[in-house]
Each structure stands twice: as C-alpha cells, then as structure tokens.
Amino acid sequence: MTDKISPDALIEAALLTQTEPLTEKSMRELCVPPLSQDKLIDVLAQLKTRWQDRALQLVHTQEGWRFQIVQTAFERLGSLQEQRAPRYSRAVMETLAIIAYQQPVTRGDIEGIRGVAVSQNVMQTLQDRGWIEVIGHRDTLGKPALWATTATFLSDLRLDGLEELPPLTELGELVLPDLIEMPLTDEEEPEAVPSDTLPN
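Residues numbered from 1 in each chain as written. Predicted model: local features only at pLDDT ≥ 70, side-chain atom pairs only at ≥ 80, totals over all residues. Heavy atoms only, no water.

(A) Structural context of the packing of aromatic side chains. This model, assessed by the stated rule, comprises two aromatic pairs. An angle of 55° between the planes, with centres 4.9 Å apart, marks the rings of tryptophan 51 and phenylalanine 67 as tilted. Within this pair, whereas tryptophan 51 is found in the loop between helix 3 (37-50) and strand 1 (56-61), its partner phenylalanine 67 is found in strand 2 (residues 64-69), the two being separated by 16 residues in sequence. Among the residues examined, phenylalanine 67 registers a relative accessible area of 12% and is labelled buried. Sitting over the face of the ring of tryptophan 51, arginine 54 holds its NZ or CZ atom 4.7 Å from the ring centroid. (Phe/Tyr/Trp six-rings, centres within 6.5 Å; stacked < 30°, edge-to-face > 60°. Helix = DSSP H or I, 4+ residues; strand = E, 2+ residues; numbered from the N terminus. Buried < 20%, exposed > 50% of the residue type's maximum accessible area, 1.4 Å probe, protein only. Lys NZ or Arg CZ within 6 Å of the ring centre and 35° of its normal.)

(B) A look at the pattern of salt bridges. Tallying each qualifying case throughout the model produces seven salt bridges. The salt bridge partner of glutamate 29 is lysine 25, with a shortest N-O separation of 2.8 Å. Residue lysine 25 is classed as exposed on the basis of its relative accessible area of 54%. Salt-bridge contacts for aspartate 139 lead to lysine 143; the nearest nitrogen and oxygen are separated by 2.5 Å. When its relative accessible area of 67% is taken as the criterion, aspartate 139 is described as exposed. Residues participating in the shared-partner salt-bridge network are Asp8, Glu12 and Arg50. (Salt bridge = Lys/Arg side-chain N within 4 Å of Asp/Glu carboxyl O.)

Pasting the structure below:
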C-alpha cells in the first residue's frame, strides 16, 4: 500500500505520528524503493514550506527531524493543561543543573558542589529520562565515571547546542512539566520544589 502514497505524504505522516525524532536514514527507508538523500532533502524542504506559518513547525534536532509546537502556540495551549504541575525534588534539579553547566563531572564532583551525597535514585531518574549518560572515566584512582548531558536533553529543551543554555536561574523554566515526570523517591531529600525553582 505504501507504494501508492507519495514520499512526502508518507514521511509527513511518520513525522506527525512518531513520538521521537526521525533520522534521515529511517525516513529514506520508509519508501519503496528507498529515497536518495537529494530527494529526501527536497521532501523535507516541501514539508517545511507547507507547514510555514502554522502552529506546528518542522525542525531538525541533534536526534533527527520532528514537528513541534511553535512557542506562541505552546504558551496558549498551556491553558488546556488541567493537571497540576508536578513537583520535582531539589536533589534532581540541582544535580541536573550541575551536570548541564559543569560537564563532564563525576559523582564526586557533584557531591562536592552540593555538599551532600548524591542518591543513586537521583542519577537513575535522570538516566531513565535519557538526559544524562557516562561519556568516559577520569584518569584518577578508581576511574570514576564522567557524566554529561545527552542529545535528548538538548532536543527536549529545544536547544541546538550547550552554548544555548540559558543563565542558570532560567533552567527550571525550560524543564517544562509536560516534558518530564520525575517522581520523588524515598532516598531523595524530602524537600521538593516547583520546576521553576533552582539553587542560586
């Protein structure tokens, strides 16, 4: 059936229905026969033009291509969210901020900056969200793991690179409630803060 659908219609449908960004390779292989790279570039250009001046826009991130809501529409649609914004533990927010702005860092570095031990549940929460990963090991005693943020972190925050990170006090405003659900755990510090609150 797919051979009766134009490549641009098929790729458009894939981009609109998938929750994760699509790579150029995966989009090319959707078609039979697979699209050439030049043809895919033409299709993506047509789609960007077709969706110009709409509330959805086709964008390219480090993870691939996806449709996302334009900022002005996103702000308006926020009023449709009836559920109360979740609260995140201070431990999770502080750990995320340290890794984002000081990377690469070891767990010991994080504990040195925060002044308290870092719960494994905090690190696991950020890993499960796909926002941090081990990128190597420091050449010191014990070879501690070096942590850094991921392409998913940048994609979810709609950033092209780390150089676009906002001032530290604004990071919480980028961690939007509908993008993450970070449950508190028994091992985390009991104090919880809204997503727009960060340590000074």
